[in-house]
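Analysis of the macromolecular model
The residues making up each chain are set out below.
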Amino acid sequence: MKKKEDMIEEIKNEKNAQNEHSVMEGKQQFLPILPLKNLVALPKSIVPVIVGREFSIKAIDFAMDSNKQVFVTAQKSTDIENPKEDDFYHYGTRAVVLQVARMSNGTLKILIEGTVRAKIDEVVEGEGFMGAMVNDLIPEPIEDEADQKALWRNLYSLFKEFVDLNEKVSGDVLKLFKGPEDLDYLIDTIAVQMHLDFQVRQEVLELIDIRKRAMKVLKLLRSEVEILKAEKNIRKRVQSQVEKHQRDYYLTEQMRAIQRELGREDYQQEIAELRKKAKKCKLPKEAMEKVESELKRLEQMQPTSPESSVSRNYVDWIISLPWHKQTTDKVSIAQAEKILNASHASMKKPKERIIEFLAARKFAGDALKRSPIICLAGPPGVGKTSLAKSVADALGRKLVRISLGGMRDEAEVRGHRRTYIGAMPGKLIQAMKKAQVTNPVVVLDEIDKISADFRGDPASALLEALDPEQNYEFSDYFLEVGYDLSKVMFITTANVVDHIPYPLLDRMEVIHLSGYTDDEKLEIAKQFLLPKQRKEHGLKEDQVVIKDDLLKKVIEEYTKEAGVRQLEQLVAKLMRKSIQKLLKDKKLKKIEITQRLIDSWLKAAPFKRPDTSKKKKDIAGLATGLAWTEVGGDVLEIEVTVLNGKGGLTLTGQLGEVMQESAQAAMSYTRSRALDLGLKEDFYSDVDIHVHIPEGAIPKDGPSAGITMTTALVSALTKNPVRSDVAMTGEVTLRGRVLGVGGLKEKLLAATRFGKTTVIVPKENEKDIKEFQKELDDNLEIIYADNVDDVMRKALVKEPFKKKAAKKPVKKKAKKKAVKKK
């Protein structure tokens, strides 16, 4: 039986015999040997190598000190650390060391480029490394030119097909070869690009004859191309899902077997638990089909895959939503009234509407399927949001609040599509999950503060949710199934309803909350604010005391608002100052807040009321109007000055377009009544009129200053003073009609606050004022006018209209009449 070494030697001898006639040996030279494990370096290839063995490092050092050339060969066994002459192949590659980098652990990272095949003639020991006398093996060219071209064409075309099929090989490699003269280069390049086994690569290296090497590489390349084609066909079949059911069954069974082997049965148990929960939720048919589809996908996925977490998140959301559970309205009507009255003073209309719904709900039962969609509109601080919370308490329902202020992305309402990373449902679906019932009270706070940009319009997305005809199947992009919002009681809050898009406003029942009177603020402070702040600051009821008259003075002189937010801040400040005083003086057990303490703690009053005991001087060209703002009512002084000029009309005070048009209408009306007012018909031709409204930094707009502008204009032109105790509001037309305006309650409260005793308002608003007339000051005289003539008679000190002078008949007209008689 032959030994392994003898067999190897025989093979070498045979190869040597085969190559003798086709090899031209080069000049013999001494080179250091670099034996590599599991790696065969071919000519024309650049290979990175990590050199760690001591003798290999010394071989590289020797090469770098001489001509940078080494003899690269492969070890026969990877287990040998110190190879001898018989442990590596004598056929190898003469290579050039391109780069050397020394690592921190002492190893070398080198880059070598194979130059030419070479063979060891004699192994020579170097200084700490192995060297050898090496001969280059230069193959003889193929003499038959036709044979060379045939081999070239076959190899090149097959290699091109290989490159097209293999995505890892760049197409630029084909540009390296110019023609049949590069056949040797082409063969070695193909061998480098193919994933050949270690032994096969060594065989290719040892084949020196170009024809034989070309035939072997051609055979290997054809086999590789067939494999790549088969892989491509398999991919196509997978993508087109041929025989899907059989493949799915096979893969599922394979997955289960693998999971059992890997101990991943817990993942399957989780999916089973999810399926069980979904059935327990009694999901609608469409939702159940979606969940089942996702669970089937989960069974086929790896637990760590990104798609698995997306599907799992979707199923969790579907299961966590309430689909049938709801609370029962058990609170009685009397108890609901008690809860609303205990939490909020006044607010008669909203309280009536809530009680109406509760009564209808109790009477109709489940037959009343629609819930009201209410919009509480009013100035800041009047208690819109807190009233919505009280409504939930009165109905015995859960409350969820959604802040819409500054929202500008439609996805905030409708959610994101599941294809996006981090996708989740919109705010409404999130609110339903938080409530865990299908009939909560959802407060959409600050609905007038919604904006829109390139990402969509949230107000348009709310149209479906706030429409009783559509919200029984609300569509969220994330859920992809309809969700019933018809049982939800939506309460929206807004400061200015004009900022709400009309289609959205049309779907809501608007209840206006007016500002509080001073008496109402006093009651709120006594019943709610003082007890609340005492409790928050840990004070007892008798530790800090303030009399009603002083509290009212704080309301009148330190706050200027429709609500009570500023007042609550001031009360909190009084509590803090009182605690500070109690801590400084340990003997004090009780503090009674006096006027001196208020002046010391709150400093000077910013809104000191005018002294109504002293009558102001009546001035021509100065009229007082009433305005509505987001924080309540206010007064608006309008000044008019007549100057010499050429008929110009100047408007200042940062007036809006509507207010400018009101000034022009007032001017036109005055010109039309010039003779009646004792003015020349062309009075405007030689004068300039300047209309100014103080506080020019604040924008002003609206038609309600029309009659005030007309009164001030007539007063300035006729030098007839305007009564200083009169304030007015109303829109004016070219014919002198006075049209109705809004915000009357706030305006009339402002008139009282600024010491006006008479207010002129449009006749059209008489029915509106009667609803809250009891809340107004008894000393306030209200005059209803439907014509500007009535306004000026009440507002101006002197009678504005003069008696008309009789006109003389024109002779021309008389002649025409005579002609007609003839």
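Residues numbered from 1 in each chain as written. Predicted model: local features only at pLDDT ≥ 70, side-chain atom pairs only at ≥ 80, totals over all residues. Heavy atoms only, no water.

**Notes on the overall build of the chain**
The cut-off we apply is this: A run of DSSP states H or I qualifies as a helix once it reaches four residues; a run of E qualifies as a strand once it reaches two. Both are numbered from the N-terminal end. Radius of gyration here is computed from C-alpha atoms only, and the compact-globule reference equals 2.2 Å multiplied by the residue count raised to the power 0.38. To sort residues, take the accessible area from a 1.4 Å probe on protein chains only and compare it with the maximum for the residue type: under 20% means buried, over 50% means exposed, and anything in between is partly exposed. Residues scored as positive are Lys and Arg, those scored as negative are Asp and Glu, and His as well as the terminal groups of each chain are ignored. Throughout, a charge is located at the NZ atom of Lys, the CZ atom of Arg, the CG atom of Asp or the CD atom of Glu.
Helix and strand content of the chain: 27 helices and 25 strands. Relative to the globule expectation of 28 Å for 822 residues, the C-alpha radius of gyration of the chain, 49 Å, shows a markedly less compact shape. If you line up the chain on its principal axes, its C-alpha atoms span 145 × 80 × 70 Å. Taken over 822 residues, the chain has a buried fraction of 45%. With 141 positive and 126 negative side-chain charges, the chain shows a separation of 11 Å between the mean positions of the two kinds.

**Regarding a negative patch on the surface**
Note the threshold: The patches reported here contain residues having more than 30% relative accessible area and no salt bridge. Joining distances are 9 Å for like charges and 5 Å for nonpolar side chains (Val, Leu, Ile, Met, Phe, Trp, Tyr). All accessible areas in this document rest on Shrake-Rupley with a 1.4 Å probe, and a residue is counted as covered only by the protein chains that are shown. Salt bridges are identified by distance alone: a Lys or Arg side-chain nitrogen within 4 Å of an Asp or Glu carboxyl oxygen.
Negative charge collects at one region of the surface, where Glu 85, Asp 86, Asp 121 and Glu 122 lie side by side. By the element assignment, Glu 122 lies in strand β6 (residues 108-125).

**Focus on the sheet that holds strand β20 (residues 687-692)**
The criterion, for reference: Strands are labelled as partners when DSSP assigns at least two bridges between them. The axes used here are C-alpha line fits, helices contributing only the stretch in contact, and every angle between their N-to-C directions lies in the interval 0 to 180 degrees. In what follows, a contact means two residues having at least one pair of non-hydrogen atoms within 4.5 Å.
Taking strand neighbours across the sheet as the criterion, the seven strands line up as β19-β20-β18-β17-β21-β24-β25 in an open arrangement whose pairing is mixed. Bordering the open sheet on either side are β19 (649-652) and β25 (781-785), each of which pairs with just one other strand. Each strand of the sheet is rotated relative to its neighbour by a mean of 25°, with strand direction disregarded. Pairing analysis gives three bridges linking strand β21 (residues 726-728) to strand β24 (residues 758-762), with the strands arranged parallel. Within the sheet, the bridge partner assigned to Val 726 lies in β24 and is Thr 758. Sheet strands in contact with helix α24 (residues 744-753) are β17 (622-629), β18 (632-644), β24 and β25, and its direction is about 75° off that of β18.

**Points about the pattern of salt bridges**
Summed over all chains, the structure comprises 35 salt bridges. Close ionic contact of Arg 213 with Asp 188 constitutes a salt bridge, the shortest N to O distance being 3.0 Å. Here Arg 213, found in helix α6 (residues 210-240), pairs with Asp 188, found in helix α4 (residues 183-193); they are 25 residues apart in sequence, far enough to count as distant. For Asp 188, a relative accessible area of 1% corresponds to the buried category. Across the pair Asp 519 and Lys 552 runs a salt bridge, and its minimum N-O distance is 2.9 Å. Of this pair, Asp 519 sits in helix α18 (residues 518-536) while Lys 552 is found in helix α19 (residues 548-558), placing the two residues 33 residues apart along the sequence. When its relative accessible area of 47% is taken as the criterion, Asp 519 is described as partly exposed. Given a relative accessible area of 26%, Lys 552 falls into the partly exposed group.

**Description of the packing of helix α9 (residues 285-300) against helix α10 (residues 306-320)**
Under the convention used in this document: Geometric relationships in this document are graded by angle, where less than 35 degrees denotes roughly parallel, more than 145 denotes roughly antiparallel, 65 to 115 denotes roughly perpendicular, and other angles denote oblique. What makes a crossing left-handed is the near helix being turned counterclockwise from the far one by less than a right angle; a clockwise turn instead makes it right-handed. Residues are sorted three ways: Asp, Glu, Lys and Arg are charged, Ala, Val, Leu, Ile, Met, Phe, Trp, Tyr, Cys and Pro are nonpolar, and all the rest, Gly among them, are polar.
Relative orientation of the contacting elements α9 and α10 amounts to 150°, with a least axis distance of 10 Å. As judged from the angle between their axes, α9 and α10 are roughly antiparallel. Both α9 and α10 take part in a crossing whose hand is left-handed. Between α9, through Lys 290, Val 291, Glu 294, Leu 295, Arg 297 and Leu 298, and α10, the contact on the second element is made entirely by Glu 307, Ser 308, Ser 311, Arg 312, Tyr 314, Val 315 and Ile 318. Per-class residue counts for the contact of α9 with α10 are six nonpolar, two polar and five charged.

**Some words on the side chain of Asp 634**
Mapping Asp 634 onto the fold places it in strand β18. Judged by its relative accessible area of 17%, Asp 634 falls in the buried class. Every residue in contact with Asp 634, bar those within four places of it in the chain, is listed here: Lys 560, Gly 625, Leu 626, Ala 627, Thr 629, Ala 750 and Phe 754.

**Observations concerning the packing of aromatic side chains**
To be explicit about the condition: Note on ring pairs: Phe, Tyr and Trp rings are taken, using the six-membered ring of Trp, and paired if centres are within 6.5 Å. Classes follow the plane angle, with under 30 degrees stacked, over 60 edge-to-face and the rest tilted.
Under the definition given, this model contains eight aromatic pairs. Here the aromatic rings of Tyr 314 and Phe 478 are separated by 5.9 Å at their centres, their planes lie at 55°, and the arrangement is tilted. One end of the pair, Tyr 314, is in helix α10; the other, Phe 478, is in the loop between β11 (474-475) and β12 (482-483), with 164 residues separating them in the sequence. Accessibility assignment for this pair places Tyr 314 and Phe 478 in one class, buried. Aromatic side chains Trp 323 and Tyr 483 sit 5.1 Å apart centroid to centroid with 65° between the ring planes, which places their arrangement in the edge-to-face category. Remark: Tyr 483 occurs in strand β12 and Trp 323 occurs in the loop between α10 and α11 (333-343); sequence separation between them is 160 residues.

**Things to note about the nonpolar core**
What tends to happen in soluble globular proteins is that the nonpolar side chains get buried as a cluster. What counts here: Among the buried residues, those of types Ala, Val, Leu, Ile, Met, Phe, Trp, Tyr and Cys that are joined through side-chain atoms within 4.5 Å form a nonpolar core.
Residues Leu 428, Ile 447 and Leu 462 are the most contacted members of the largest nonpolar core, which totals 55 residues. The contact partners of Leu 462, leaving out residues within four places of it in the chain, are Leu 404, Val 413, Leu 428, Leu 444, Ile 447, Ile 450 and Leu 504. By size, the runner-up hydrophobic cluster in this structure holds 52 residues, among which are Met 347, Ile 355, Phe 528 and Leu 539.

**Points about unusual backbone geometry**
The backbone phi angle of Lys 603 is positive, close to 65°, even though this residue is not glycine. Taking the relative accessible area as the measure of exposure, Lys 603 reaches 55% and is therefore exposed. If you check the backbone angles, Lys 719 has positive phi at about 55° while not being a glycine. Within the secondary structure layout, Lys 719 lies in the loop between α23 (706-718) and β21. For Lys 719, a relative accessible area of 66% translates into the label exposed.

**Focus: the packing of helix α3 (residues 145-165) against α4**
Close contact between α3 and α4 brings their axes to 10 Å; oriented N to C, the two are set at 30°. The angle between the axes of α3 and α4 places the two elements in the roughly parallel class. Regarding α3 and α4, the two cross each other, and that crossing is left-handed. Each of Gln 148, Leu 151, Trp 152, Leu 155, Tyr 156, Phe 159 and Phe 162 in α3 lies in contact with α4, whose residues at this interface are Leu 183, Leu 186, Ile 187, Ile 190 and Gln 193.

**Here we look at the sheet that holds strand β9 (residues 399-403)**
Either a parallel or an antiparallel arrangement is found when strands of a sheet pair, and the pairing is made through backbone hydrogen bonds. Strand order in this open sheet of five strands is β9-β10-β13-β8-β14, and the pairing throughout is parallel. Sheet topology places β9 and β14 (509-512) at the edges, where each strand pairs with a single neighbour. For this sheet, the mean angle separating the axes of adjacent strands, direction not counted, is 20°. Pairing analysis gives four bridges linking strand β8 (residues 373-377) to β14, with the strands arranged parallel. Paired with Ile 374 across the strands is Glu 509, a residue of β14. Along the sheet face, helix α12 (residues 348-364) touches β8, β13 (489-494) and β14 and points at about 140° away from the line of β14.

**Some remarks on the side chain of Arg 213**
For clarity, the cut-off: Under the rule applied, a polar contact is a pair of N or O atoms within 3.5 Å (in protein, one hydrogen donor and one hydrogen acceptor; residues adjacent in sequence only if both atoms are side-chain atoms).
You can call Arg 213 buried: its relative accessible area is 0%. Of note is the side chain of Arg 213, whose polar atom sits 2.8 Å from the backbone oxygen of Leu 207. Beyond its immediate sequence surroundings of up to four residues, Arg 213 is in contact with Arg 117, Pro 139, Asp 184, Ile 187, Asp 188, Val 204, Leu 207 and Ile 208.

**Details of helix α20 (residues 565-584)**
We count it as follows: Here a helix's expected span is defined as the number of its residues, less one, multiplied by 1.5 Å.
For α20, with 20 residues, the first-to-last C-alpha span of 29 Å sits near the 28 Å given by 1.5 Å per residue. Of all the residues in α20, the buried ones are Leu 567, Leu 570, Val 571, Ala 572, Leu 574, Met 575, Ser 578 and Leu 582. Where α20 is buried, its residues contact α18, β15 (544-546), α19, β16 (591-593) and α21 (595-602).

**Quick word on the confidence of the model for the chain**
When pLDDT drops low, the exact placement of atoms in the prediction is not to be read closely. Stated formally: pLDDT is defined as a per-residue confidence score from the predictor, taking values between 0 and 100.
On average, residues of the chain score 82 in pLDDT, and 91% of them are at 70 or above. Low confidence marks residues 1-12, where pLDDT is under 50. Its contacts with residues over four positions away, or in another chain, come to five contacts.

**Quick word on the pairing of β18**
Bridge analysis of β17 against β18 gives eight bridges, and the strand direction is antiparallel. Its bridge partner being in β18, Thr 624 is matched across the sheet by Glu 637. Of the strand pairs in this sheet, β18 and β20 are connected by six bridges, and their pairing is antiparallel. What sits directly across from Val 640, in β20, is Val 691.

**Section: the environment of Arg 235**
Here Arg 235 lies in helix α6. Sequence separation between Arg 235 and Glu 289 is 54 residues; the distance between their C-alpha atoms is 30 Å.

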